[in-house]
Amino acid sequence: MTGEWQDAVTEAQDTTGFTGNVVPRTVEGIGTALRIDRRTEFYAELSALGDPGGFDAFLNHWWTQALADSAPDGDAREQAVDFADVTVSLYARLVEGPTATQAEINAFVAGAEAS
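Residues numbered from 1 in each chain as written. Predicted model: local features only at pLDDT ≥ 70, side-chain atom pairs only at ≥ 80, totals over all residues. Heavy atoms only, no water.

1. What to know about the packing of helix α4 (residues 55–70) against helix α5 (residues 74–94)
Part 1 of the reasoning: The N-to-C vectors of α4 and α5 enclose an angle of 155°; their axes lie 8 Å apart at closest approach. Considered as vectors, α4 and α5 are oriented roughly antiparallel to each other. The two elements α4 and α5 meet at a crossing, and its hand is right-handed. Of α5, the residues touching α4 (which contributes Asp 56, Asn 60, Trp 63, Thr 64, Leu 67, Ala 68 and Asp 69) are Arg 77, Ala 80, Val 81, Phe 83, Ala 84, Thr 87, Val 88 and Tyr 91.
Part 2 of the reasoning: Of the residues belonging to the contact of α4 with α5, the class tally is 9 nonpolar, 3 polar and 3 charged. (Axes fitted to C-alpha atoms, helices over the stretch in contact; angles between N-to-C directions. Helix = DSSP H or I, 4+ residues; strand = E, 2+ residues; numbered from the N terminus. Parallel < 35°, antiparallel > 145°, perpendicular 65-115°, else oblique. Left-handed = near helix turned anticlockwise from the far one by under 90°. Contact = heavy atoms within 4.5 Å. Nonpolar A, V, L, I, M, F, W, Y, C, P; charged D, E, K, R; others polar.)

Right, here's the structure in full:
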């Protein structure tokens with residue numbers, strides 16, 4: 001985990017009060033935390049990625065899904081998604097990288113699926 005990512009996670013936990021399991025933001029961590037029925041889609045999209053610049057958006061999208069999938073119930077799932085949204089936003093600000101809306105991330109992922 002990069003320093004910026006860990007800083008974003010810590011700040012998001014403080015901001016949201018999230019105390020659930022934080023899935024590692026790695027291919028292995030995400031793949032392990034996803035529901036079994038989503039793993040095939042995750043690995044198919046990963047293998048179809050053609051733009052290395054899109055890897056961060058890909059990880060952010062699937063990390064959010066992995067957090068939701070690993071939540072024990074509906075309330076925890078909602079808290080996990082809120083925590084993920086805050087974390088990803090803080091991380092984007094910390095690395096001063098391009099930011100993307102959820103709609104843009106969904107469009108990127110849909111493009112990877114179509115490839």
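2. Remarks on a negative patch on the surface
Part 1 of the reasoning: Negative charge collects at one region of the surface, where Asp 73, Asp 75, Glu 78, Asp 82 and Asp 85 lie side by side.
Part 2 of the reasoning: Tracing the backbone shows Asp 73 in the loop between α4 and α5.
Part 3 of the reasoning: You can call Asp 73 partly exposed: its relative accessible area is 43%. (Patch = residues over 30% accessible without salt bridge, like charges linked within 9 Å, V, L, I, M, F, W, Y side chains within 5 Å. Areas by Shrake-Rupley, 256 points an atom, 1.4 Å probe, with all protein chains shown as cover. Salt bridge = Lys/Arg side-chain N within 4 Å of Asp/Glu carboxyl O. Lys, Arg positive; Asp, Glu negative; His and termini not counted. Charge placed at Lys NZ, Arg CZ, Asp CG, Glu CD. Buried < 20%, exposed > 50% of the residue type's maximum accessible area, 1.4 Å probe, protein only.)

3. Comments concerning the packing of helix α3 (residues 36–48) against α4
Part 1 of the reasoning: Between α3 and α4, whose axes approach to 11 Å, the crossing angle comes to 175°. Classified by the angle between their axes, α3 and α4 sit roughly antiparallel to one another. Here Arg 38, Glu 41, Phe 42, Glu 45 and Leu 46 of α3 come into contact with α4, specifically with Phe 55, Phe 58, Trp 62, Gln 65 and Asp 69.
Part 2 of the reasoning: A class-by-class count of the residues in the contact of α3 with α4 yields 5 nonpolar, 1 polar and 4 charged.

4. Some thoughts on the side chain of Asn 60
Part 1 of the reasoning: One can find Asn 60 in helix α4.
Part 2 of the reasoning: By relative accessible area, which is 10% here, Asn 60 ends up buried.
Part 3 of the reasoning: Apart from residues no more than four positions distant in its own chain, Asn 60 is found in contact with Trp 5, Arg 25 and Val 88.

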